[in-house]
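Coordinates in review
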There are 2 protein chains.
Amino acid sequence: MSKLVNDPWCLIESAWNPESVRASESLFSIGNGRFGQRANFEEHYSGDSHQGSYLAGIYYPDKTRVGWWKNGYPDYFAKVLNATNWISIDVHVNGERLDLHAAREVRHFSRLLDMRDGILKRTFEVELQNGAVIAVEAQRFCSMHRPETAVIRYAVTAISGSMEVELCPAIDGDVKNEDSNWDDAFWKTLSVESNSAGSAGVLNQTEKTAFESAAAMRTSVHKLHSGGADAISASSGTSSAHAGFCSFQVALENDETVVLEKFVGITTSLHHAHGQVLDAAKAVAASAFLATHAVLLDEQQKAWQSIWSRGDIVIDGDVSAQQAIRFNVFHLNQTYRGDDPRLNIGPKGFTGEKYGGASYWDTEAYCLPFFLAGHEAAVPKQLLLYRYHHLGRAIENAEKLGFSCGAALYPMVTMNGEECHNEWEITFEEIHRNGAMVYAIWNYINYTGDQTYMADHGFAVVLGVARFWAQRVQWSEPKQAYVILGVTGPNEYENNVNNNWYTNYLAAWCLHYAASTAEALMKNQPQEWDRLVNAYDVNAAGEIARWKTVSSAMFQPQLENTRVLLQQDGFMDKEQLQASDLPSSQRPINQHWSWDRILRSVFIKQADVLQGFYFFQDDFDQETLEENYAFYEPKTVHESSLSPCVHAILAAKLGRKDEAYVHYLRTARLDLDDYNKEVYQGLHITSMAGTWLSVVEGFGGFRVRDGIPEFKGVLPEAWRSLQFLVHFRGRQLEIRIEPAGTLVTLLHGDPLQVKVDGELRSLQPAA
Amino acid sequence: MSKLVNDPWCLIESAWNPESVRASESLFSIGNGRFGQRANFEEHYSGDSHQGSYLAGIYYPDKTRVGWWKNGYPDYFAKVLNATNWISIDVHVNGERLDLHAAREVRHFSRLLDMRDGILKRTFEVELQNGAVIAVEAQRFCSMHRPETAVIRYAVTAISGSMEVELCPAIDGDVKNEDSNWDDAFWKTLSVESNSAGSAGVLNQTEKTAFESAAAMRTSVHKLHSGGADAISASSGTSSAHAGFCSFQVALENDETVVLEKFVGITTSLHHAHGQVLDAAKAVAASAFLATHAVLLDEQQKAWQSIWSRGDIVIDGDVSAQQAIRFNVFHLNQTYRGDDPRLNIGPKGFTGEKYGGASYWDTEAYCLPFFLAGHEAAVPKQLLLYRYHHLGRAIENAEKLGFSCGAALYPMVTMNGEECHNEWEITFEEIHRNGAMVYAIWNYINYTGDQTYMADHGFAVVLGVARFWAQRVQWSEPKQAYVILGVTGPNEYENNVNNNWYTNYLAAWCLHYAASTAEALMKNQPQEWDRLVNAYDVNAAGEIARWKTVSSAMFQPQLENTRVLLQQDGFMDKEQLQASDLPSSQRPINQHWSWDRILRSVFIKQADVLQGFYFFQDDFDQETLEENYAFYEPKTVHESSLSPCVHAILAAKLGRKDEAYVHYLRTARLDLDDYNKEVYQGLHITSMAGTWLSVVEGFGGFRVRDGIPEFKGVLPEAWRSLQFLVHFRGRQLEIRIEPAGTLVTLLHGDPLQVKVDGELRSLQPAA
C-alpha cells in the first residue's frame, strides 16, 4: 500500500498507486451515519476497484450458502446493499474517455481526506492517449448537517492547449454486491428520470425486502476563465434502464477550467413513505442546489467542528498517533449518528461489504462507551433500543434452538434482529453475546444515571436473557454446581468447550442483575413492575428464586492453588506454550494452521477471561488481575482486532505502561498501516472504538463508579501530553494528562465531583 | 412408499405408484460392481424421477462449497458421476410418445427384481391418450460375467387392435448430476455415432479429470406373431450433439408383439487406453450381440448362482427377514467385485448421488468382514490395497494439518485418496478413521493368515498411521498421561471433545500394533525390514520406543468405582437421560434439535465406546462389556444406519437375544421399509454390511481367533433356523443354527478345526 503522509488532521496519499486503489478506497471513505461512500473516482475507472455506496438500514436477505446444513441455521443472511452510484461523472476530452487506468500518464496525483471538515479532495494531472493534458480537482462530502445530502465539486482545467471537454454526471442504479451468494440481483429499478436542465434521478427497490431507495441530482456547470465564469447549459438528459445522466459540453482554451457542482439527494423508504422516496430525493437535491455549494460547505465545517468540540483527542509529541486516533474518531462518527433505533454499527461501517454490514456484540462491548462519552445520552440510547425492538426476534431465535417461555437469544450477526450467521460453533454456541446485551444496559444506566430506562425498556431485555441462561445451564452431579456445556467464548480459537469461565461468570452476573433489578422495580416502581409482570408473564417468586439459585451456584473453573480463573474445563491439558514460542512464519496462526490445530493449542485469539476482568473490574483485586493477566496475555496471539484494546486497558491499570502502549499501537493504526493486508475489504470500524477505549479508559483510566467519573492518567513515554473530552450527564469535561499528572477541567455544565488519580475533587465550571 | 411384496428371492412392487418413483428407482437398482443403474424406465418419463447411471472409479472434482472457509479444507470434492444413459428406448404408438406420467391409464404395473439371477423385470399395460392400449414387458441386467455388458429386452404387444409402433433405442450422453455444487457440466461429449443398422455409441470425457467413458449399443428387433418372428430393420440412425439413436417402425396387428433386444457395451479409460474407449465399447456390444440374449442370460444366472453358492443366508420361518438379508447381500455384491484396487464401496453404491459415491471408514469397519467371509482373500485384499495406494496422499493430507515426517492421515471421504469433506469437526477431527485402516490390516491378516501382506504392503500404512498418532498426542501435566484433544468420535453427536475413549484406545492399540509388528518383521523378515527402514526412513529404535511409551501411557477416561469407560472427558457433567425419555415428536433428534442441543445432550448417535468393545472384544471381560453396554445403549438414539449392527452383535454376545433381534430389525429392512424416508436418494450400501455382521457375527457368533473360526449360535425366537456360508482359507463352511444348537459343516476344502459353542471340533469334508 502507498505510504500515507503523517498529518495531525488529514489523511494524505501523495502519489498515484494503481495497485492499491481498493485499499485507498476504503481508507478515504466518507459518510454521515445515514449513508457512506467508498473513495471511488467520479470519472470512469477501468482498473481494479470496488465501487461501494451503502445506505444505513437497507439490506437484502441473501439466501444462505452453507457446506453442511444444521437445524436452526437461518435461511437468509441479511446484508447491507451496494446502492445507487451517485458520484459518477463521466469525462471526455476531445472524444477520449478519461480513465486513469488507460491514460498515458498520471502526474501529481494526490488524495486528501480532511477529517477536521469531513471533506475528500483529489487532484491530479493526466495525459490522455490522444495527448490532451488536463488537471482535475475533485472534492466531495456527505453532509453531516443534512443527512440526505451529498455534494461534489469537479473541476477540469485544460493545460495542453484548447480542447473539447464533455462532462456527464449520472445517477446509476445498476449496482451489484460483490459478496452476493448466488449472484442474485438485489435491486430492481422502478423509475429513472433525467432532463436537459442537468437533473436526473433513479428509484430502486430491493428484491424481497421491498425497501425503496432513491438518488437524485441537480447540477450546475461553469466555465472559469480570466474574465469570470460562464454558466454552461446541459446539451441533453438521457435515461437508460437503470441510470439517468446529463451531458455538458464545453470548449476550453488553455488554462481555462470547467467546474461541475453536483448536488445529490439520497433517500430511502426508512424515512419517506413508499411512493414518495424519489420525490423526496429530488426535493433534497433541489434544496441543496438552491442553498449553494458555499453554504453547504460551511454547514459541513460547522457540523464537524461541533463533533470535534465534543470528542477530539489531542496527542502532543506523536503526529502518527495523533492522526490515527482522529482517524478512528472520525470514522466512528461517520458510521453512526444515533438518531434512529433501527440503525446500528457494522464492523465495516459503510466502507465495504464483508460481514454484510450487520451488527455484532462489538456494539455493546466496545462501541457503546464511545457514544456514551462523546454524545448526549439520547445517542447511545438508540443503540440499546435497537436490541429492545429486536426482543421478539431474539425470543424466536431462542425457540429455534429449543428454548421456551420467553427466553431470548440475541443473534450473533444481524440487520433486523434475525440471526444471519451459520457456523454452528458461533451461531449456536457463542452465546456470551447474550450477556453483552444486559451488560450494555447496566453500562448505560451506570453512565447516564437514566433511571427510567430499566422499567421502560431495559427489563424486558434483561428478563429474556435471564430466562435464557436459567434454561441453558444444567446441574452437574460431579461438580455439584450449574455448568454451561458446549459454548464458544470470546476466544473463538476454542469451540464447543464446557464451562468457559467468561460465559459462566457473565451468565451468573446477568441472573444476579436480573434478580436484583426485579426486586428493585418491585420495591421502587410497583406499578411499573405490575405492568411488566403482566406484559411478560413473569412468575416473580419462582423465576427470581431460580435466577438467584443458579447465579450463586454457577461453576467457575479455577487453577488450583492460584488466583487464575481457567478459560474452560480441561485448559491445563493443553501444551502450555506462549505466543513467543511461535515462529513468525506461522503467524497469524489463523492463516497457517488448520482449525483443529488452533483449537487444541493453548493460543488465544482475543481477551476471554480477561474480557471478564475488563467488564467486571470491581469484582477482582489487583493481585488477581495481575495473576490472570500474566497467565493469559503471553498465550494471546491477538488475531482479532478487538483484542489489543482490552489488554491495553488492563495493562495500564496494572501499571504496565510500556505494554499498554504496545497494545495500543497494535490497534491504533491497524487500518492506516494495513497490518493484516485486508483494508481493501473495508475498515475495522468497531475496533476503532477499541482504540478509543485504549486511550480514554486505558491511558485516561476513565470509568464511572457510583455516579462519579474517575480518571487515572498513564502517559506513554513517547507522548508529551494526552488530552481528551468526555461528556457526562450534561457536563463537558476536558482531561489532560501530562507527565506531571492528570488535570480535569469542567468545560461547561453544573459543578461535579470527580475522582482524579484516586482523589475526590469538586469541579466548578471553567471561566 | 408402495408396500413391497414379501418373497424370499424377489423384490416385487405390484402396483403403479407414481408418488414413489424415486424410491423404487433406488430399491430396484442393478449393477455389477463395475457400473450400476437406477431402476429408471427405458421409455420416456416426464414425471419426477432421478435418472442415474454410475461408473465405478469415474469421478469429477466438483468445486467445494462452504459457508466459512477453514485452512486445510479441500478445494475440490471428488464425486461419482451420473454417466451416459444407456437404457433409453423411446416408444411411439400411433404417433403418441409413451410416457407413464402422461398416459390415460396404467394397469397391471409390476416391477420385480429377481435377486437369484440379478435380473430386473417390469410389466404393465397402458392406455395412451390416443386410446391405443399396449402391454409392455421390459427386462434388463448388468452382466456379472461380462463386467462391461448390459442387456435389455423390451417387448410391446398391441392389445387394442392394430397400431403403428416406433421404437427408438438410444445412447444419450447428455446427463447431469443433481448434486453439482456450481451447476458445472461434468462431461463433454467427444463423439457420437449411429447407423441405420441399429448401432449407436457415445464417447464422453469428464471435465478436469479427463476420464473417458463410452457406451455403445447393438440392437435387434423382431416382430412376433402367430406365424413366428420377422426381423425388423432400422429405418434410420441419427446423431445429435450428445446422443446417438435408431428408429424401428413396425405395424402390429392385435396381439402381435415387437421385441427389441439392446446389447450395450460400457467402457471407461480405467480399463482401456485413451482413444480406444469407444471402440472397446462397440466391440463389447458387438460381442454380446453375437453371443445372443439367451447365452448372456444363462451366463448371468450362472454368475449369480456362483455368488449365492458362496454367500447365501437362509432364514427359515420369516420371509420378510429372508428377503431383507438377501437384498443386502445382493446389493453388496452388485457394488463391489474386488478385482480392481482403484475401486471401493460408496455409502450409496451405484444407487444415488448423495455422499458423492466416495469411500468412508465404513469400508474398513463394516464392509471388510463381509468380503473376507464371502470371497477369496484376493477380493478383500483389493480393499486394503486401495488405501495402500493412497498412502502418499494420506501423508499429504496430514501435512496440510501440520504433521510431518511421513505421518499419514487417511481422508474421511475420498475417491482418489484426497480428502473430500469440509466440516472441520469431521474432516480435521474425526481422526479415529485413521485407526480403522490399521485395524482392517490386522483383521485381514487374522482372517486370511496371509503372512506376506504386512511386509509387502501393510507395514507402510501401519507406519504412517503410527507416526500420525505419535505426533497427535500431547502430554498432560495434570493427568500425567498422553491425551488426545479436540476430536470427534464415531458418535458424531459430540464434536471437538477431549480424550474420546474410543479414539484414545484405538490410537494406543495402533501404536502397540506398529511396535510389535516392527519387532516381528525385524526378527522374522530382516531383509524385508531393512528394505522398509530404507524406503520409509524409519528410525527404528527411536520411533518404536516412542510408540511404546505413548501407547502404554495413553489416558483412558473411566467412571470412578465402575468398569464404565467414559466416552470423553466431562461426559458425566451432562444430564444423564435415556433415549426413552425423549418424546417421539422429537425423534430423530437430528431432525428436530439444533446442533448445540444435540452436542450438549447425552444422546449417542452410534456406537462409540461400544465400537471399541466390538473391535477389541478379547480385551474386555464379559462383566465389563455388560456394564458398558448397560450404560451406553440406553443413551443411544441409533440415528446412524451403522449403529444397530454393533449393538446387535454385542447384545447377542451378552445373551440379550431379544434385544439383539430388535437391533437387527432396525438395520435389516432400513431401505426396504424406508424407515428414514430417504431411500429415494439411494440405498445404504455400507450399512447393509452391518446387517450381514448382525447375522453372521451376531446370531452366528462368528469370529476368528488364532486361526480358528469360532461360532456361537443365538437364534431369534421368530426364526426356525438360520443358515449361512463362510469362506475361510480355502474352505467353504456351512453354519446352521437351530433351536437345538449350532451345526458347522465343511462343504469343501481341507480338514479344519473350528470352535462351535465353545467346543473345539475337527471338521472333515462333507461327503
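Nothing here was measured: the structure is a model prediction, and the numbers come from that model.

1. Quick word on the sheet that holds strand 20 (residues 313-316) of chain A
Residues and elements named next belong to chain A.
- Judged by pairing direction, the sheet is antiparallel, and its 4 strands sit side by side in the order 20-25-26-27 without closing on themselves. Two strands lie at the open edges of the sheet, namely strand 20 and strand 27 (741-748), each paired on one side alone. Averaged over all neighbouring strand pairs, the angle between strand axes comes to 15 degrees, with direction disregarded.
- Here 4 bridges tie strand 20 to strand 25 (residues 721-728), and the two strands are oriented antiparallel to one another. Residue pairing for strand 25: Asp316 is matched across the bridge by Ser721.
- Contacting strand 20, strand 25 and strand 26 (731-738), helix 20 (residues 685-699) runs over the sheet at an angle of about 95 degrees to strand 25.

2. Notes on the side chain of Arg34 of chain A
Residue and element names in this part refer to chain A.
- Within the secondary structure layout, Arg34 lies in the loop between strand 2 (30-31) and strand 3 (35-37).
- Note on Arg34: relative accessible area 13%, which makes it buried.
- Excluding anything up to four places from it in sequence, Arg34 contacts Leu55, Ala56, Pro147, Glu148, His271, Arg337, Asp339 and Phe350.

3. A look at the relation of the copies chain A and chain B
- Aligned on chain B, chain A shows an RMSD of 0.0 Å; the corresponding rotation is 180 degrees and the shift along the axis is 0.0 Å. What the rotation and shift describe, once combined, is the action of a two-fold rotation axis.
- When you check the interface residues of chain A against chain B, 100% turn up at the interface there too, and the contact is symmetric in its surfaces.

4. Some details on the interface of chain A and chain B
- Contact residues are listed per partner, giving 46 residues for chain A and 46 residues for chain B.
- Taking both partners together, chain A and chain B bury about 3800 Å²; carbon and sulfur atoms supply 50% of that area.
- For the chain A face of the interface with chain B, the top three residues by lost area are Trp68, Asp573 and Arg600 of chain A, together amounting to 20%.
- Along the contact surface separating chain A from chain B lie 6 salt bridges.
- Residue Glu423 of chain A is joined to Lys70 of chain B by a salt bridge in which the shortest nitrogen-to-oxygen separation is 3.1 Å.
- Along the contact surface separating chain A from chain B lie 16 residue pairs in polar contact (both at pLDDT 80 or more).
- Those elements that place two or more of their residues in the side of chain A that touches chain B are helix 8 (424-427), strand 21 (474-476), helix 14 (589-592) and helix 15 (595-600) of chain A.
- At 5 residues, helix 15 of chain A tops the list of elements feeding residues into the side of chain A that touches chain B.
- Its residues placed into classes, the side of chain A that touches chain B shows 17 nonpolar, 14 polar and 15 charged.

5. Some remarks on the environment of Ile737 of chain B
- Within the secondary structure, Ile737 of chain B sits in strand 26 (residues 731-738).
- Between the C-alpha atoms of Ile737 of chain B and Gly700 of chain B, which are 37 residues apart in sequence, the distance is 7.4 Å.

6. A word on the domain arrangement of chain A
Residues and elements named next belong to chain A.
- Domain annotation of chain A identifies domain 1 (28-55 + 82-303) and domain 2 (312-358 + 641-767).
- Placing the centre of domain 1 and that of domain 2 at their C-alpha centroids yields a distance of 35 Å.
- Counting residues at the interface gives 25 residues for domain 1 and 21 residues for domain 2.
- Roughly 1800 Å² is buried in total at the junction of domain 1 and domain 2, and carbon and sulfur atoms are behind 53% of that figure.

7. Things to note about the side chain of Ser247 of chain A
Residues and elements named next belong to chain A.
- As for its placement among the helices and strands, Ser247 is situated in strand 18 (residues 243-252).
- At a separation of 2.6 Å, a polar atom in the side chain of Ser247 contacts the side chain of Glu166.
- Excluding residues within four positions of it along the chain, Ser247 makes contact with Glu166, Leu167, Cys168, Ala234, Ser235 and Ser236.

Parameters at a glance
- Every chain's residues receive numbers from 1 upward, in the order its sequence appears when written.
- Numbering of ligands from 1 and lettering of chains from A proceed in the order in which they are written.
- Only residues with pLDDT of 70 or above have their local features reported here, since the model is predicted, and side-chain atom pairs are shown and tallied only from 80 upward, although totals for entire chains, interfaces and linings are computed over all residues.
- With hydrogens and water set aside, each side-chain value is computed from the structure's full complement of heavy atoms.
- Whether two strands pair comes down to DSSP finding at least two bridges between them.
- Going along the chain from the N terminus, every DSSP run of H or I of four or more residues is numbered as a helix, and every run of E of two or more is numbered as a strand.
- Axes here refer to lines fitted to C-alpha atoms; in helices the fit is confined to the stretch in contact. Angles between the N-to-C directions go from 0 to 180 degrees.
- Note on definitions: a residue-residue contact is assigned when non-hydrogen atoms from the two residues lie within 4.5 Å.
- Note on exposure labels: buried denotes an accessible area under 20% of the residue type's maximum, exposed denotes more than 50%, and partly exposed covers the range between, all computed with a 1.4 Å probe on protein chains only.
- The copies were overlaid by least squares, fitting only the C-alpha atoms of residues that reach a pLDDT of 70 or more in each copy.
- The term buried area refers to how much accessible surface (probe radius 1.4 Å) is lost by two components on association, counted for both of them together.
- By salt bridge we mean one thing: a side-chain nitrogen of Lys or Arg within 4 Å of a carboxyl oxygen of Asp or Glu.
- Under the rule applied, a polar contact is a pair of N or O atoms within 3.5 Å (in protein, one hydrogen donor and one hydrogen acceptor; residues adjacent in sequence only if both atoms are side-chain atoms).
- We call Asp, Glu, Lys and Arg charged. Ala, Val, Leu, Ile, Met, Phe, Trp, Tyr, Cys and Pro are nonpolar, and the rest, Gly among them, are polar.
- Here the limits of each domain have been adopted from an automatic or database domain assignment.

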